[in-house]
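# Observations on the model geometry
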Amino acid sequence: MPSLVLRDFGVSAEMINLVFEGSDLLGTLDELAEGGFRTASPAWCAANYFHPAERDDWAGRLAALVEAGPDTPARSLLDGPEHAAARRRARLRVEVPPKMLRVGYRAKRRVRRYLRALT
């Protein structure tokens, strides 16, 4: 696709155009006014993961994956009795506002400190 990246204002990381160095796309405002658009060099395209249109097969591959469906049903990482406490905590995080959880955790720490001080 014919393009032109302006270099009149500088080419640097701050300008977010440093990646275009060596692309043959850098030009000036005068070239823009003249319509001096150009195509990127093949070496730069290959180095920046551009590929020819005939290799653009991702849409068909994605459709095939969706049609095939999952090989195994989805399952939670917290399945099983050994993760019961983690499931409860996760459910609490969803059902209770975070500010309220913080208040509860602080109260729990205070009670533990108080009980330790008694013994």
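None of these values were measured; they are calculated from a predicted model. Along each chain, residue indices are assigned from 1 in the same order as the chain's sequence is written. Under the rules for a predicted model, residues below a pLDDT of 70 receive no local features and side-chain atom pairs below 80 are neither given nor counted, while totals for whole chains, interfaces and linings still include all residues. Each side-chain value is worked out from all heavy atoms of the structure, with water and hydrogens disregarded.

To continue, consider the pattern of salt bridges. Every case where a carboxyl oxygen of Asp or Glu lies within 4 Å of a side-chain nitrogen of Lys or Arg is listed as a salt bridge. A full pass over the atoms with the stated rule returns one salt bridge. In this structure, Glu 31 and Arg 38 form a salt bridge, with 3.0 Å as the shortest nitrogen-oxygen distance. For the exposure calls, accessible area comes from a 1.4 Å probe over protein chains only, and a residue counts as buried if that area is under 20% of its type's maximum, exposed if over 50%, partly exposed in between. You can call Glu 31 partly exposed: its relative accessible area is 24%. The class of Arg 38 is partly exposed, set by a relative accessible area of 24%.

What follows deals with the side chain of Thr 28. The numbering of helices and of strands both runs from the N terminus, where a helix is a DSSP run of H or I of at least 4 residues and a strand a run of E of at least 2. By the element assignment, Thr 28 lies in the loop between strand 2 (26-27) and helix 1 (29-33). We classify Thr 28 as buried; its relative accessible area is 18%. Sequence-distant contacts of Thr 28, that is, excluding residues within four places in its chain, are made with Leu 4, Leu 6, Arg 7 and Asp 8. We call two residues in contact when some of their heavy atoms are within 4.5 Å.

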